[in-house]
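Observations on the three-dimensional arrangement
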Amino acid sequence: MSMSKRSIKRRDFLKSMATIGAAAMVPQYISGKVLGLDGAVPPSSKINLGGIGIQSRGFEDLRHFVARSDIRFRAICDIQKKQRINIKDFADKQYNDTDCAMYKDMEDLLIRDDIDAVLIATGDRWHTMASITAAKFGKDIYCEKPLSLTIHESRALANAINRYGVVYQAGTQRRNIGNFMLAAEIVQSGKLGKLTEVHANTLWPSTTQDWLPAQDQPSVDNVDWERWLGACPWRPYNATYVAGGWRGHYDFHGGGILEWGSHTVDLCQWAAQKDDTAPVEYVPQFNEDGSIAGHIHAFYADGVKLVMRESGWLGLGTCSARYVGEEGWVETGDSGRMAVSSDALRSELKYFGMPGTEPSTHIAEFVDCVKTRRNPAANANVAAQSHIASHCAYIAWQLKRTVKFDPVKEEFLNDDEANRMRSRAMRAPYTV
């Protein structure tokens, strides 16, 4: 039996345990703890989790996963030896044993029959490829954002998730945070009138092509530099990249629009009920002196305007979003606070103490979807669309001119230069 079929059979068992009276078939000498009595989760109902590339944000996710009684973290894969050891030490202390396995290559983790799902929190350059590989092994996936570096990768990822039938949750956790949910509900209930604009908090778009100075390359066991680079063009080793300093380098990063837009453009698409499409026109903005500004205006086919901008926010927290209708507006951000345009709308508001960076409710939805096999809020299809919109905006910004886009064919209209930027060359033997 293939690995993916074995994984699927176990998932079917997890789901069926919720509806089948299995206790009647169990011999009476099995302990109450194993049966799940007294609040304990029986081992057969636990989801066995593996981790691929866990640092900083990934570690925050992992803390919330292992705090759950229905999750057992089994193994860590990382190209850095020190990170493998750090995560193993954390897991072993959590479970008071030494069972967490360590791997340098993700295939050695993914081939394990007892791993049901994986947390992927590598750098952006590996998100698509690691997710597709995990899907081929039949593993469910919680993957940090941004999920892709290009339009082509976004579509390849969504297609693979659909093809292999696994559960995928992008780490765009604000879809499960109360104030953002309420803001979207206010829009969709018609309380703002006809929607005219959605605004996404993004960062300065640019990246650099410069290389950091070459340093002596460590042993493969300590840092597998070739594996760290993956499909990206080769460049000499520098410890800063591996320590997280890869951001802002074009080969590894999709720029500031994507960095926050993977969250905030996603929120705008959700509120505007455009999860199945993307804007059709992208217009970079310029300063009075003729220099390019850090914001982009985009337009959906029905005329709704998407504004991606760094500044002019009300101070409600990072990753803010504003929705504007003919009869009012609402704005919110990571603080949990909300602002509206009128007293008539103020009665709709609530304060949510959970910050927008908190992943627990998003992880809870993912775990539930693994058990029930339903599609989560930040599934690969909706995440791909918001990423595609962000990629299109960055392409327009780099070209310093308006581009027009067909969201069905996912190609730019009469624009060979822009179309070449939909993908990037991948270093052999990597492909998606």
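Everything in this summary refers to the structure shown in the same document. Quantities reported herein were computed from a predicted structural model and do not represent experimental measurements.

On to the overall build of the protein chain, then. Of regular secondary structure, the protein chain possesses 15 helices and 15 strands. If you take every contact in the protein chain between residues at least 6 apart in sequence, the share linking residues at least 24 apart comes to 68%.

Tracing the chain through its elements places Glu259 in helix 11 (residues 255-271). With sequence-adjacent residues up to four places away left out, Glu259 is seen in contact with Asp124, Lys145, Pro146, Leu203, Arg247 and His253.

With that settled, the discussion passes to the nonpolar core. In terms of nonpolar packing, the biggest core is built from 48 residues, with Val198, Tyr282, Leu306, Met308, Tyr323, Val330 and Phe412 touching the most fellow members. In terms of residue count, the dominant contributor to this core is helix 14 (residues 380-399) (nine residues). Residues contacting Phe412, with those up to four places away along its chain left out, are Ile151, Cys392, Ile395, Val403, Lys404, Phe405, Ala418, Asn419 and Arg422. Membership of the second largest hydrophobic core comes to 34 residues, among which are Ile115, Ala158, Ala170 and Ala378.

Applying the stated criterion across every chain yields a total of 15 aromatic pairs. Between Trp228 and Phe252, the aromatic rings sit 5.0 Å apart at their centres with planes inclined by 80 degrees, giving edge-to-face as the arrangement. With a gap of 24 residues between them, Trp228 in helix 9 (residues 225-229) and Phe252 in the loop between helix 10 (239-245) and helix 11 connect regions that are remote in the sequence. When sorted by exposure, Trp228 lands in the same class as Phe252, which is buried. Summarising the aromatic geometry, the rings of Tyr241 and Phe252 are spaced 5.5 Å apart at their centres and angled 75 degrees between planes, so their arrangement reads as edge-to-face. On the criterion of sequence distance, the pair formed by Tyr241 in helix 10 and Phe252 in the loop between helix 10 and helix 11 is long-range, its members being 11 residues apart. Pair check on accessibility: Tyr241 and Phe252 agree, each one buried. Members of the aromatic cluster, connected to one another through ring pairs, are Trp225, Trp228, Tyr237, Tyr241 and Phe252. The positively charged end of Arg72 is found above the aromatic ring belonging to Tyr95, 3.9 Å away from the centroid.

Overall, mixed pairing links the nine strands, which are arranged 13-12-11-7-10-9-8-14-15 in an open sheet. The sheet terminates laterally at strand 13 (338-340) and strand 15 (411-412), the two strands that pair on one side only. Strand direction decides the pairing type here: strand 8 (residues 281-286) and strand 9 (residues 292-299), joined by five bridges, are antiparallel. Residue pairing across strands places Phe286 opposite Ile292, the latter belonging to strand 9.

This next bit is on the packing of helix 7 (residues 151-164) against helix 14. For the pair helix 7 and helix 14, interaxial distance at closest approach is 8 Å and the crossing angle is 175 degrees. Regarding the angle of helix 7 to helix 14, the classification is roughly antiparallel. Together, Ile151, Ser154, Arg155, Ala158, Ile161 and Asn162 of helix 7 and Ala380, Asn381, Ala384, Gln385, His387, Ile388, His391, Cys392 and Ile395 of helix 14 make up the contact between the two elements. Here the residues of the contact of helix 7 with helix 14 sort into eight nonpolar, six polar and one charged.

Now for helix 7. With 14 residues, helix 7 ought to run about 20 Å at 1.5 Å a step, and its terminal C-alpha atoms sit 20 Å apart, in line with that. Ile151, Glu153, Ser154, Ala156, Leu157, Ala158, Ala160 and Ile161 are the residues of helix 7 that are buried. Where helix 7 starts, the residue carrying a side-chain oxygen 3.4 Å from the main-chain nitrogen of His152 turns out to be Thr150. A positive backbone phi angle near 70 degrees is found at Gly165, which sits one or two residues after helix 7.

Looking now at the sheet that holds strand 4 (residues 117-120). As a general point, the strands of a sheet are linked pairwise by backbone hydrogen bonds and lie either parallel or antiparallel. With parallel pairing, six strands are arranged side by side in an open sheet as 3-2-1-4-5-6. The open sheet has two edge strands with one neighbour each: strand 3 (101-103) and strand 6 (168-170). For this sheet the average axis-to-axis angle between neighbouring strands, irrespective of direction, equals 20 degrees. Pairing geometry for strand 5 (residues 140-143) and strand 6, over three bridges, is parallel. Considered in strand 6, the bridge of Ile141 is made with Tyr168.

Basis of the calculations
- Residues numbered from 1 in each chain as written.
- Predicted model: local features only at pLDDT ≥ 70, side-chain atom pairs only at ≥ 80, totals over all residues.
- Heavy atoms only, no water.
- Helix = DSSP H or I, 4+ residues; strand = E, 2+ residues; numbered from the N terminus.
- Contact = heavy atoms within 4.5 Å.
- Core = buried A, V, L, I, M, F, W, Y, C linked by side-chain atoms within 4.5 Å.
- Buried < 20%, exposed > 50% of the residue type's maximum accessible area, 1.4 Å probe, protein only.
- Phe/Tyr/Trp six-rings, centres within 6.5 Å; stacked < 30°, edge-to-face > 60°.
- Lys NZ or Arg CZ within 6 Å of the ring centre and 35° of its normal.
- Pairing = 2+ DSSP bridges.
- Axes fitted to C-alpha atoms, helices over the stretch in contact; angles between N-to-C directions.
- Parallel < 35°, antiparallel > 145°, perpendicular 65-115°, else oblique.
- Nonpolar A, V, L, I, M, F, W, Y, C, P; charged D, E, K, R; others polar.
- Expected span 1.5 Å × (residues − 1).
- Polar contact = N/O pair within 3.5 Å; in protein donor to acceptor, adjacent residues only side chain to side chain.

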